[in-house]
Structures are given as structure tokens and as C-alpha cells.
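A closer look at the structure
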Amino acid sequence: MSNDPIHQFHITKLIPIEIGGYDFSFTNSSAFMVATIAVAGAFLFLTTSSRGLIPSRLQSISEMSYEFVASMLRDAAGSHGMKFFPFVFSLFMFVLVANLLGLFPYFFTVTSQIIVTFALALLVIGTVIVYGFMKNGIGFLKLFVPSGVPGILVPLVVLIEIISFLSRPISLSVRLFANMLAGHITLKVFAGFVASLSAFGAIGVAGSILPLAMTVAITALEVLVAFLQAYVFAVLTCMYLNDALHPGH
Amino acid sequence: MFVTPAFAQEQAPATNETHSLEHAESEAKFPPFDPSFYPSQILWLAITFGLFYIFLKRVVLPRVGGILEVRRDRIAQDLDQAALMKSEADAAVAAYEQELAEAKAKANAIGQQARDGAKADAEAERKQVEAGLEQKLAEAEGRIAAIKAAAMKEVGTIAEDTTAAIVQELVGGKADKAAVAAAVKAAQE
């Protein structure tokens, strides 16, 4: 079982809770969600507690992540978009820390659960739709009619725009989920080779050096992917929010 | 309804065979696609992400924003102060240069004045000396003229005396004084 690459995605109940016939148990996944917000929240809170005019190294990290997300949002959605800054920053930090925590051996990766990433993506799209109609009223539908399109093509273009809009939550969630899932499975498979090869004596141990090196390399790659996927998630969120703010392209 | 597969899954690895068909089905499922945990996942995600959002929005982001704001203000303030100091320094340099120029001009003026004064004094003195000399020259010339006139006047007397003496020697006896005087006067003219 220890060599089963899928095993790491199993959910186990820690505290069974059942309400109205639905299972709301506190699981290992829930525990790592709590750990994610605890680590991220504590880091951001503690490193900035001294409020140094000249930042310490750790305070710089918090400030850099703040300014990173702030400039990302401002570039994509303009200064009006800054009202969504707490939302985008929370999303970025949550996904980033969940991804990074998942890289520790024996830890559970929250973002490797399609339902989690899909819920986050629906939250983004839901915010876009609700805010888009709230701010622009029916004018939000202009989003589906790009300007400067010849009359004959309009129905076709509108159809394509609607399909692409509806596929956004799917692409947003599947991108993150698939990246985390594939990375962890690859890592586990290569690490499994090391274990099973070294069972064949001296030659096996010698032969396991290659998969071991691969495991190290893939771990480094996964750190990059963890950051990159959080970044991609946040950037796309900013771009979708821009559609809600300025639907007229 | 949702509970059974979930419970079964928990004990899945060791006792796989002894479980029901229902369990075998759930075991075959790829865990992320197993819907039995979806309600739990969504609920806990909502709770944790909600708390995280509120915590960041209420506590962390105002604080970090405040730190950055304070720093930006401080830098702007320092820059303003530096600019102010620079302008003050520039003003001081300008004032110093102006004062220097004024002092130079003043020194030049004083020098010029002194030079002019000295020149005028020398000129006046020279003129005075020249005037004195001229006066003395005139005086001397006057005296010479007087002496000459006096000498010329005495020439007649001497000539009369000499004539009288010569006449006495040559003729013997005393010459008439008036005749001699008339003769000299005639000779003189």
C-alpha cells in the first residue's frame, strides 16, 4: 500500500460529523485546510507584528507578497479592482500555502481535490457574475458581444464567448487540480522506484540512484509548480474580475 | 446514505474482501472523484477560507498596508526635507556669492576712489609746486630786470666819472661837469 501512488489522496475521517444525512466529517483534508490558514495567517501576522519601518527579512516576504498581488490586481483590473484585493490575496495565499504544505512527505494536498479547486473557481466566477450584474446591470451581458464584430458573425461570436465563459470555472479548477495531482503522483512513482529497486541487493541500490536524483529534481520542479499554479490562479482571477468591472472589452 | 462508503473506505486496506459490494465500488473510485466527501470538503473549505479571508481583511492587510503607507510617507517626507535643505543650501550659496560680489565691487570702488584721490592730490600738489616755481621765476626775472635797470642807470654816472678822469689826465684841470654829462649822454645815444 505504501507504494500506491494514489494512496496519498485518500481522505480519512478524524472526527465524524453527520448533519441531515450529509457527511460533514472533519477529515485529514479539513485538518490540512486548517493547517494552511493557520500557517499562512500566523506567518503574515507574526512577521508584521513589529511593524518595522525597515523590514526584517521575514517581514519583507509578507510585504513582497502583498505588493506582488496588489500590482498583479492593479495591472489586470485597474485601480477599481483594488476593492477585491483581500479576496485575491486570500485566494493566492491559500492556494500557495496549500500547494507548498502538500510537498512535505506524508502531508495531504488540499488542492489535489477537484472539489476544493472547483469550489474556489466557482467562488471566483460567482463573484464575477454577482458583482458584474450589480455594477453594470444588464450591461454586463455586453461581455459576450465584443465590439467591432461584423453583424453576421455576432451570433457565432456570442455563442463562443458564452461557451468560453462557462468553461472558465472548469479550466481554472482543473488546471490547479491536475497539476498538483500529476506532480504528486509522479513524485510518488519515482520515489517508489527507489524503494522497490533497493530491495534487489547491491545492484538494485546502485540502480536506484537515478530515480532518487529524479525525485530530488521533481521536488524542486514541484516547488516551482506550487508557486506558479497559485500565481496563475490569482492572475486569472484578476482577469475575470476585470471583466466584471469593465465588461465592454 | 453517504456515510456507509465513507466509513468503509476508512478501513479499506486490510479488510477489503470481507466488505460488501457497495464498498468495493467506492474503493475502486479515484479518491478525488469520490463524491461521498464532497459535502465535508466544501463545508470545511468554506469555514477555513472564510475565516482566512476575514482574518486577512480585518487584521493582516490593513496592517501591511499601513506599514507600506507609513514607509512611503516617511520616504516622501524625507525627500521633501532633503529638497528643502538643498534649496536652503542653494539660497545660502547664492547669498554668499552675492555678498562676495558686493564686497568685491566695494573693494574695487574703494581702490578706485583711493587711486583717484591720490592722483588728484598729486596733480594738485604738482600744480601748486609749478605755480610756486613760476612765481619764483617771475620774481627772479623781476629782480634781474630791476638790477639790470639799476646797472644801466649807473652806467651814465660811471661813464661821466671816467670821462672826467680822462679829461683831467689829458687836459689837466677840471672838466666841466655839466659838459661831460652832456657829452656822455650824447655818446650814449
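Residues numbered from 1 in each chain as written. Chains lettered and ligands numbered in written order. Predicted model: local features only at pLDDT ≥ 70, side-chain atom pairs only at ≥ 80, totals over all residues.

1. Focus on the UniProt feature "transmembrane region" (unreviewed entry) in chain A
Residue and element names in this part refer to chain A. The UniProt feature table records "transmembrane region" (unreviewed entry) at residues 31-54, 84-108, 114-134, 143-167, 187-213 and 220-242. Strand forms 0% of residues 84-108 and helix 72%; the C-alpha atoms that close the span are 29 Å apart. When the span residues 220-242 is considered, its composition is 100% helix and 0% strand, and the gap between its end C-alpha atoms is 33 Å. (UniProt positions renumbered as here; feature names shortened; annotations may be inferred. Helix = DSSP H or I, 4+ residues; strand = E, 2+ residues; numbered from the N terminus.)

2. What to know about the nonpolar core
Among the nonpolar cores identified, the biggest contains 55 residues, and Val88, Phe92, Phe94, Val95 and Ala234 of chain A are the most heavily contacted of them. Of all elements in the fold, only helix H1 (28-47), helix H2 (57-77), helix H3 (85-102), helix H4 (114-136), helix H5 (154-197) and helix H7 (209-245) of chain A together with helix H3 (38-171) of chain B reach the threshold of two or more residues within this core. If near-sequence neighbours (up to four positions away) are discounted, Val95 of chain A is found in contact with Thr111, Leu176, Gln229, Ala230 and Phe233 of chain A. (Core = buried A, V, L, I, M, F, W, Y, C linked by C-beta atoms within 7 Å. Buried ≥ 20, exposed ≤ 12 C-beta atoms within 10 Å, placed from the backbone. Contact = placed C-beta atoms within 7 Å.)

3. A short note on the UniProt feature "transmembrane region" (unreviewed entry) in chain B
According to UniProt, the "transmembrane region" (unreviewed entry) feature falls on residues 37-56 of chain B. Here residues 37-56 of chain B runs as 95% helix and 0% strand, with 28 Å between its end C-alpha atoms.

4. Description of the packing of H1 of chain A against H3 of chain A
Two numbers describe a pair of packed helices, the interaxial angle and the distance between the axes. Residue and element names in this part refer to chain A. Where H1 contacts H3, the axes come no closer than 9 Å and their chain directions differ by 115°. With respect to H3, the axis of H1 lies roughly perpendicular. Here H1 and H3 pass one another in a crossing that is right-handed. Contacts from Phe32, Ala35, Thr36, Ile37, Val39 and Ala40 of H1 reach H3 at Met93, Phe94, Val97, Ala98 and Leu101. Across the contact of H1 with H3, the residue classes break down as 10 nonpolar, 1 polar and no charged. (Axes fitted to C-alpha atoms, helices over the stretch in contact; angles between N-to-C directions. Parallel < 35°, antiparallel > 145°, perpendicular 65-115°, else oblique. Left-handed = near helix turned anticlockwise from the far one by under 90°. Nonpolar A, V, L, I, M, F, W, Y, C, P; charged D, E, K, R; others polar.)

5. Some remarks on the interface of chain A and chain B
Contacts between the two partners involve 42 residues from chain A, matched on the other side by 38 residues from chain B. Residue contributions to the side of chain A that touches chain B peak at 9 residues, all from H1 of chain A. For the side of chain A that touches chain B, the class distribution of residues is 24 nonpolar, 13 polar and 5 charged.

6. Considerations on unusual backbone geometry
Residue and element names in this part refer to chain A. In this structure, Arg51 is a non-glycine residue whose phi angle is positive, near 50°. Structurally, the position occupied by Arg51 is in the loop between H1 and H2. Classification of Arg51 as partly exposed rests on a count of 13 C-beta atoms within 10 Å. With a phi close to 70°, Tyr106 is a non-glycine residue in the positive phi region. The topology assignment puts Tyr106 in the loop between H3 and H4.

7. A few points about H4 of chain A
Between the first and last C-alpha of H4 of chain A there are 32 Å, a value that for 23 residues agrees with the 33 Å anticipated at 1.5 Å per step. Turning to H4 of chain A, the residues buried within the fold contact H3, H5 and H7 of chain A together with H3 of chain B. The first or second residue beyond H4 of chain A is Gly137 of chain A, which carries a positive phi of 60°. (Expected span 1.5 Å × (residues − 1).)

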